[in-house]
Amino acid sequence: MPELSLLSLRGLGLQRGGTWTLRGVSLEVQPGQAWGVVGESGAGKTTLMNLVLGLLEPTEGSVLLEGQAWSGLPEKRRRARRPLLQAVFQDPLASLPPHLTGWQILEEPLVVHKRGDAAARRQAAGRMADRVKFPQPGLDQRPAQWSGGLAQRLAVARALMLDPRLLVLDEPLSALDPTLGGHLLELLLELRAGGTALLFVSHDLLAVRRLCDRMLVLYGGEPMAQGPCESLLSELRHPYLRGLWEALPDLSRPGAPRRWGVERQRDLSPGGCRLLDRCPRAGEACQVAPPMDRELRCHDPF
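Starting afresh in each chain, residues are numbered from 1 along the sequence in its written order. The predicted origin of the model limits local features to residues at a pLDDT of at least 70 and limits the giving and counting of side-chain atom pairs to 80 or more, whereas totals for whole chains, interfaces and linings rest on all residues. The side-chain figures draw on all heavy atoms in the structure; neither hydrogens nor water molecules are used.

**Student:** Is there a simple way to think about the pairing of strand S3 (residues 34–38) in this case?
**Tutor:** Consecutive side chains along a regular strand alternate between the two faces of the sheet. Each residue gets one of three labels from its accessible area relative to the maximum for its type: buried under 20%, exposed over 50%, partly exposed in between, using a 1.4 Å probe on protein chains only. Helix and strand assignments come from DSSP, with helices taken as H or I runs of at least 4 residues and strands as E runs of at least 2, each series counted from the N terminus. In terms of burial, S3 is largely enclosed, as five of its five residues are buried. Where S3 and strand S8 (residues 197–201) come together, four bridges link them in parallel fashion. Bridge pairing in S8 places Trp-35 opposite Leu-199. When S3 meets strand S9 (residues 214–219), the two strands line up parallel, connected through four bridges. Bridge pairing in S9 links Val-38 to Val-217. Note on pairing: two strands pair once DSSP finds at least 2 bridges between them.

Now the structure itself:
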C-alpha cells in the first residue's frame with residue numbers, strides 16, 4: 001500500500017485583482033522528503049509558502065495535510081493540527097514577538113498547546129537553544145538585542161519546539177554567515193533523517209542541491225521544472241533553470257555580471273511562454289505556452 005503523502009498540493013492557484021500570482025502547482029511531499037522551491041524574486045515562492053501554511057486561501061486547487069483537507073477550513077478546525085507544520089520566515093526579527101524574552105518565545109508554543117509543566121518547558125527550551133547553537137545567556141534578552149543571525153537561529157528553534165512533521169522555511173540562510181548557515185543545513189539534514197519533511201524556499205541553488213531530493217522551479221507563478229533535484233541541476237535542460245545556475249556568483253571573478261537577463265515578468269495571461277522575452281532559445285513555437293511535459297515546461301529544452 002503506497003505511503004500517505006504528508007502534504008499534497010493539487011492544481012494550486014491564487015488570483016488577486018484579476019491577476020494570477022500562482023497557478024498550476026501540484027506536488028506530493030512524503031515524510032522525510034525535502035522539496036526545494038526556487039526562482040527569482042516575484043516568482044511565487046512566498047505565495048506558495050503562505051498557501052501551504054493556511055495564511056492565504058487558494059482561488060483554485062487545494063492543500064491536503066496527511067490526506068485531509070487543510071485549505072478552505074476555518075482556523076478553529078485547523079488549530080489542533082497546527083503542530084504538524086511549522087514555519088521559519090525570511091525576516092526573523094519581524095516574526096518574533098518583540099516584547100518576549102528568548103525563553104518566553106521558545107516556551108510559548110508549549111504553553112499554547114498545553115505541553116509539560118513550567119520546569120519541563122524551561123528544560124526543553126534550553127535543549128533546543130543548544131541544538132541551534134543559540135547562547136543561553138541571550139535567552140534572557142529580547143529580539144531587538146540580537147543580531148539577525150541570532151534571531152534566525154531562535155526562529156528555527158521556536159519552529160522545532162512542537163516536533164513538527166513538516167517544516168516550511170523561507171530563505172532561512174539569508175541572515176546567517178557561512179559557518180552558521182552550514183550548521184543550519186546540517187541540522188536540517190539531521191531532521192530529514194529523523195523523518196521531518198522540509199519545504200525549503202530559497203534562492204541558493206547550492207544549498208538546495210545539498211539538502212533537497214526534489215525541486216520545484218517557479219517563474220512568474222508557474223512551474224517551469226519539477227522533479228529530482230540532482231538530475232534537474234546536473235542536466236540543466238530547462239533554459240530558465242540553466243540561467244539561474246549560470247547567474248550564481250563566480251568567486252574566481254568578483255563582480256562578474258549575471259549571464260541571465262534582467263528580472264522582468266508579465267502577467268499570467270493566456271498566450272505565449274512566460275519566458276518568451278528573456279529566453280535565449282525562444283522560437284516560433286514559443287508563441288504558444290508550452291505544457292508541463294513530465295518534468296519541464298519548455299518547447300525546446302537543452
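**Student:** So what exactly am I meant to see when it comes to the layout of surface pockets here?
**Tutor:** If a probe as big as a water molecule is rolled over the atoms, it shows which places are left empty. In this model, the largest pocket occupies a volume close to 500 Å³. Together, 16 residues line the largest pocket, and Arg-82, Leu-85, Gln-86, Ala-87 and Phe-89 are the ones closest to its centre. Only strand S6 (85–88), helix H4 (102–112) and helix H6 (148–160) provide two or more residues apiece to the lining of the largest pocket. Amino acids outside the nonpolar list (Ala, Val, Leu, Ile, Met, Phe, Trp, Tyr, Cys, Pro) and the charged list (Asp, Glu, Lys, Arg) are all regarded as polar, and Gly is one of them. Per-class residue counts for the lining of the largest pocket are nine nonpolar, two polar and five charged. Only protein atoms enter the 1 Å grid used here. Points where a 1.4 Å probe fits but cannot escape make up a cavity, open sets with protein on both sides within 12 Å along at least five of seven lines make up a pocket, and a residue lines them when an atom lies within 4 Å of a point. Grid points are joined across faces, edges and corners, and a volume is the space filled by probe spheres set on the points.

**Student:** Would you mind going over unusual backbone geometry with me for this structure?
**Tutor:** The bulk of non-glycine residues show a negative phi, and the bulk of peptide bonds are trans. Its identity is not glycine, yet Lys-133 carries a phi of approximately 60 degrees, on the positive side. For Lys-133, the location among the structural elements is in the loop between helix H5 (118–131) and H6. Even without glycine at this site, Glu-171 takes up a positive phi of about 50 degrees. Following the sequence through the fold, Glu-171 ends up in the loop between strand S7 (166–170) and helix H7 (178–193). By relative accessible area, which is 8% here, Glu-171 ends up buried.

**Student:** What should I look at first to understand helix H1 (residues 45–53) in this one?
**Tutor:** Because the α-helix completes a turn every 3.6 residues, residues three or four places apart line up on one side. The element H1 is extensively covered by neighbouring structure, given that eight of its nine residues are classed as buried. Where H1 is concerned, the buried positions are Lys-45, Thr-47, Leu-48, Met-49, Asn-50, Leu-51, Val-52 and Leu-53. Of the residues flanking the end of H1, it is Gly-54, one or two places downstream, whose phi is positive at about 80 degrees.

**Student:** Where do I start with the sheet that holds S9 in this structure?
**Tutor:** In a beta sheet, neighbouring strands are held together by backbone hydrogen bonds and run either parallel or antiparallel to one another. The strand order across the open sheet formed by six strands is S6-S7-S8-S3-S9-S10, and the pairing between neighbours is mixed. Every interior strand has two partners, whereas the edge strands, S6 and strand S10 (222–228), have only one. Between one strand axis and the next, the sheet turns by 15 degrees as a mean value, whatever way the strands run. Two residues qualify as a contact provided that any one of their heavy atoms is within 4.5 Å of a heavy atom in the partner residue. Here an axis means a line fitted to C-alpha atoms, over the contact stretch when the element is a helix, while the angle between two N-to-C directions is reported on a 0 to 180 degree scale. Sheet strands in contact with H1 are S3, S6, S7, S8 and S9, and its direction is about 150 degrees off that of S7. Contacts between H6 and the sheet are confined to S6 and S7, with S6 contributing the most and set at about 175 degrees to the helix.

**Student:** Any chance you could explain the nonpolar core here in plain terms?
**Tutor:** As a rule of thumb, nonpolar side chains are buried together in soluble globular proteins. In terms of nonpolar packing, the biggest core is built from 61 residues, with Leu-167, Leu-188, Phe-200, Met-215 and Val-217 touching the most fellow members. In contact with Met-215, not counting residues within four places along its chain, are Trp-35, Gly-36, Val-38, Leu-205, Val-208, Ala-225, Gln-226, Gly-227, Cys-229, Leu-232, Leu-233 and Leu-241. Remark: nonpolar core denotes a set of buried residues (Ala, Val, Leu, Ile, Met, Phe, Trp, Tyr, Cys) joined through side-chain atoms within 4.5 Å.

**Student:** Sorry, what's going on with the environment of Val-88 here?
**Tutor:** Within the secondary structure, Val-88 is located in strand S6. The exposure class of Val-88 is buried, given its relative accessible area of 0%. Spatially, the C-alpha atom of Val-88 lies 9.7 Å from that of Phe-200, the residues being 112 residues apart in sequence. When sequence neighbours within four positions are dropped, the list of residues in contact with Val-88 reads Met-49, Gln-152, Ala-155, Val-156, Ala-159, Leu-167, Val-168, Leu-169 and Asp-170.

**Student:** For this particular structure, what's the right way to read the state of the cysteines?
**Tutor:** Between two cysteines, a covalent bond joining their sulfur atoms is known as a disulfide. Note that a disulfide, as used here, is simply two cysteine sulfur atoms within 2.5 Å. Tallied over the entire structure, the rule returns zero disulfides. Left without a disulfide partner, Cys-212 is nearest to the cysteine sulfur of Cys-229, which lies 5.8 Å away. No disulfide involves Cys-273; its sulfur sits 5.8 Å from that of Cys-286, the nearest cysteine.

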